[in-house]
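Observations on the three-dimensional arrangement
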Amino acid sequence: MYFWRNLNVMSKTKYIFVTGGVTSSLGKGIISASLAKLLQERGYRVTIQKLDPYINIDPGTLNPYEHGECFVTDDGAETDLDLGHYERFLNIPTSQANNVTTGRIYQAVINKERKGEFLGKTVQVIPHITDEIKHRIQILGKTGEFDIVITEIGGTVGDIESLPYVEAVRQLKWELDSKDIMVIHLTLVPYLAAAGELKTKPTQHSVKMLMQSGVAPDVLVCRTERHLNENIRKKLALFCNVETNSIIESIDAETIYDVPNLMLDEKLDKVVLDKLNLETKTEPKLEKWNDFLYKFKNPKHHITIGLIGKYVELHDAYKSISEALIHAGATNETKVHIQWIHSESLTEKNTSEKLKNLNGIIVAPGFGGRGIEGKIDAVRFARENNIPFLGICLGMQMAVIEFARNVLHLKDANSVEMDLNTTNPVINLMEEQKKITEKGGTMRLGAWDCTLEKNSKSLAIYGKQEISERHRHRYEFNNKYVADFVKAGMLIAGENKKTDLVEIIELPNHPWFVAVQFHPEYKSTVLNPHPLFVDFIKAGLDMV
Ligand code: GLN
């Protein structure tokens, strides 16, 4: 689809680094994804990588309150949520190689040391850790699949833990042809209301910090609440040693999906391509993207979906779900309002009052017992009141427990995750999980196949019988109970035929009740909204 324009001229991969200055949370991920989008729509093959300076091997063991959602790739990597943005913007899958942590770097170096690969040498941050970082950066480039690799360096310049990454970039800048590598520094230009002006000093300091590590930025992307005038641009350019056209304004946007257009207006893509000596003749083709944006911003309908979870105070914990609802809403020309509902706030008594105005209910993924009774009450309310219901992972498991308790009258039915001694373990630990003792990276992860049942709603929605979806779980629907559930009216709508694992359940006597053991939200992108979410929103609209 995307092709390499300058095949005869350029054969090497180009590397773009994105560093951050002044403060965290400036949106390096969105800037990286937006630039990548523009380059991709000009015909370049682009991927984005995130380097995270923490010591966890991956974010799989982090509480969502710490770090937001854990995103999962097809190849089963548990990754930073920025990879979700990369996929949603670029519409191509990422992999393990797209997210590297300090923990992983050190683990690789220490494993090599134990094998004797550095025999006789003292193993040090420089050169061994920086060599491993450079190797991880270039892995994607060396596949030959990408013309441009954008590497986002997590954290803020000046952090102790980021130093080896910045040093690796410095070395690469020295090693590679200057036209093959560049650094974009994302910074903040704050507006001081009392002075009535934008201030450049924090940016000057942060660039100075970067330069002390031997790295001079080629482009400054300046986050700001107010437009940068010519004077400010010139001042930033002069004092930070970059060209004036390389001062890129990044003004606060109404939605993250506006950012590619904002970067296009500022010519970030052109500046970057010029610096990398790449062709800039054709403009990015953003028609489909803009079609999505138009629908998103000009909705004909409005609906409210309740998202029931236990981490709702931090919306980032459900990032892929909320974005999937945006994509599916736009497809239906509908603005989806999310009502964030804490599962611990729901009781048998207040559930109907709290949920009665919703057009659809999602019970979210999660781990552990906190808040599960509220989730079960929410499932019951959706089932008994014909409200469109989508259960995701733990949400499906809660739907199974609810059905067991209230339809099959197995009053103590539970998941063994919550109650090891239940006499009706309708959700059980998967066989292969029983011997696992370590927590990190040991769940059933990544893409697994699922075959859809002939008469299922899911088959009609997907339009094909064989699907593949991403997973992250240890527990499953206990097959011993399946016959009883089916007799009582539940449809096993999707199964992994090799392992007999139940992947989807439906209630055919309900207008829209679908619950899935996998995470459809990870595969929803702007140009490819997920069919389950699209149909769920459609069902919600029928309620309005
Ligand atoms: N805790 C459940 C399990 O491990 C569900 C996981 C999830 O929702 N991702 O099976």
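What comes next is a walk through the structure. (Residues numbered from 1 in each chain as written. Predicted model: local features only at pLDDT ≥ 70, side-chain atom pairs only at ≥ 80, totals over all residues. Heavy atoms only, no water.)

With that settled, the discussion passes to the overall build of the chain. Looking only at helices and strands, one finds 18 helices and 23 strands in the chain. Over its C-alpha atoms the chain spans a radius of gyration of 25 Å, differing by no more than 12% from the 24 Å that the globule rule assigns to 544 residues. Counting only C-alpha atoms and orienting by the principal axes, one finds that the chain spans roughly 75 × 65 × 50 Å. Counting all 544 residues of the chain, 58% fall into the buried class. (Helix = DSSP H or I, 4+ residues; strand = E, 2+ residues; numbered from the N terminus. Rg over C-alpha atoms; globule rule 2.2 N^0.38 Å. Buried < 20%, exposed > 50% of the residue type's maximum accessible area, 1.4 Å probe, protein only.)

The strands that make up a sheet are held in pairs by hydrogen bonds between backbone atoms, and each pair lies either parallel or antiparallel. One open sheet holds the three strands; their spatial order is E16-E17-E20, and the pairing between them is mixed. Only two strands of the sheet have a single neighbouring strand rather than two, namely strand E16 (414-415) and strand E20 (475-477). Taken together, the three bridges between strand E17 (residues 425-429) and E20 define a ladder with antiparallel strand orientation. For Asn428, the partnering residue across the bridge sits in E20 and is Glu476. (Pairing = 2+ DSSP bridges.)

Another point: the pattern of salt bridges. Opposite charge on two side chains makes pairing possible when the charged atoms of those side chains draw close. This model, assessed by the stated rule, comprises 41 salt bridges. Glu266 is the salt-bridge partner of Arg233, the closest N and O atoms lying 3.0 Å from each other. With Arg233 in helix H8 (residues 230-240) and Glu266 in the loop between helix H9 (259-265) and helix H10 (268-275), the pair connects residues that are 33 residues apart, well separated along the chain. Assigned by exposure class, Arg233 and Glu266 land together as buried. Where Glu384 meets Arg380, a salt bridge forms, and the shortest distance between an N and an O atom there is 2.8 Å. Taken together, the residues span about one helical turn, with Glu384 and Arg380 both in helix H14 (residues 372-384) at a distance of four residues. Look at the salt bridges and you will find they share partners, linking Lys50, Asp52, Asp80, Asp82 and Glu152 into a network. (Salt bridge = Lys/Arg side-chain N within 4 Å of Asp/Glu carboxyl O.)

For the ligand, the full set of nearby residues is Pro365, Gly366, Phe367, Cys393, Leu394, Gln397, Glu417, Arg472, His473, Arg474, Tyr475 and His519. Leu394 is positioned such that a nitrogen or oxygen atom in its backbone is 3.0 Å from an oxygen atom of the ligand. One of the side-chain nitrogen or oxygen atoms of His519 is found 3.2 Å away from a nitrogen atom of the ligand. Considering the ligand on its own, with 300 Å² of exposed area, one finds that the protein chains cover 99% of that surface. Counting residues per element, the ones that place at least two in the shell around the ligand are helix H15 (394-406) and strand E19 (466-473). Residues that form the shell around the ligand fall into these classes: five nonpolar, four polar and three charged. (Near = heavy atom within 4 Å. Polar contact = N/O pair within 3.5 Å; in protein donor to acceptor, adjacent residues only side chain to side chain. Areas by Shrake-Rupley, 256 points an atom, 1.4 Å probe, with all protein chains shown as cover. Nonpolar A, V, L, I, M, F, W, Y, C, P; charged D, E, K, R; others polar.)

With that out of the way, let us pick up the nonpolar core. In terms of nonpolar packing, the biggest core is built from 44 residues, with Ile16, Ile148, Ile150, Ile184 and Leu268 touching the most fellow members. Considering every element that reaches this core, the biggest residue donor is helix H1 (residues 28-40), with seven residues. In this structure, Ile148 is in contact with Thr13, Lys14, Ile16, Leu39, Tyr44, Arg45, Val46, Thr47, Leu273 and Leu278, ignoring residues within four places of it in sequence. (Core = buried A, V, L, I, M, F, W, Y, C linked by side-chain atoms within 4.5 Å. Contact = heavy atoms within 4.5 Å.)

This part is about a nonpolar patch on the surface. A contiguous nonpolar patch, built from Tyr106, Ile110, Val125 and Ile126 and spanning about 330 Å² of accessible area, is present on the exposed surface. Elements supplying a minimum of two residues to the nonpolar patch: helix H4 (102-115) and helix H5 (125-142). When its relative accessible area of 47% is taken as the criterion, Ile126 is described as partly exposed. (Patch = residues over 30% accessible without salt bridge, like charges linked within 9 Å, V, L, I, M, F, W, Y side chains within 5 Å.)

Before going further, it helps to spend a moment on the packing of aromatic side chains. For the structure on display, the rule yields 14 aromatic pairs. Ring geometry for Tyr65 versus Tyr311: centroids 5.3 Å apart, planes at 80°, classification edge-to-face. Of this pair, Tyr65 sits in helix H2 (residues 64-67) while Tyr311 sits in the loop between strand E12 (301-309) and helix H12 (319-331); the two residues are 246 residues apart in sequence, bridging distant segments of the chain. Of the aromatic side chains, those joined through ring pairs into one cluster are Phe89, Tyr257, Trp289, Phe292 and Phe296. One Lys or Arg, Arg226, reaches over the ring of Tyr191 and ends 3.7 Å from the middle of that ring. Looking at Arg444, its charged tip hangs above the ring of Trp448, at a distance of 4.5 Å from the centre. (Phe/Tyr/Trp six-rings, centres within 6.5 Å; stacked < 30°, edge-to-face > 60°. Lys NZ or Arg CZ within 6 Å of the ring centre and 35° of its normal.)

With that out of the way, let us pick up the side chain of Glu266. Glu266 gets classed as buried once you look at its relative accessible area, which sits at 18%. Here the side chain of Glu266 touches Glu249 through a polar contact of 2.8 Å, landing on its backbone nitrogen. Those residues in contact with Glu266 that sit more than four places away from it in its chain are Arg233, Ile247, Ile248 and Glu249.

Most of helix H3 (residues 82-90) is tucked away, with nine of its nine residues classed as buried. Three or more residues of H3 are buried, namely Asp82, Leu83, Gly84, His85, Tyr86, Glu87, Arg88, Phe89 and Leu90. Residue Asn91 follows H3 closely and has a positive phi angle near 65°.

What the seven strands build is an open sheet, ordered E5-E2-E6-E1-E7-E10-E11; its pairing is parallel. The two strands at the open ends of the sheet, each matched to only one other strand, are strand E5 (99-101) and strand E11 (247-251). In this sheet, adjacent strand axes meet at a mean angle of 20° when their direction is disregarded. Bridging between strand E1 (residues 14-20) and strand E7 (residues 181-188) involves six bridges; their strand directions are parallel. In the sheet register, Tyr15 faces E7, and the bridge partner there is Ile181. Strands strand E10 (219-224) and E11 of the sheet are contacted by H8, whose axis makes an angle of about 125° with E11. (Axes fitted to C-alpha atoms, helices over the stretch in contact; angles between N-to-C directions.)

On to the environment of Leu276. The topology assignment puts Leu276 in the loop between H10 and helix H11 (287-297). For the pair Leu276 and Arg444, spaced 168 residues apart in the sequence, the C-alpha separation amounts to 41 Å. Sequence-distant contacts of Leu276, defined by excluding residues within four places in its chain, comprise Lys14, Ile16, Lys179, Asp180, Ile181 and Met182.

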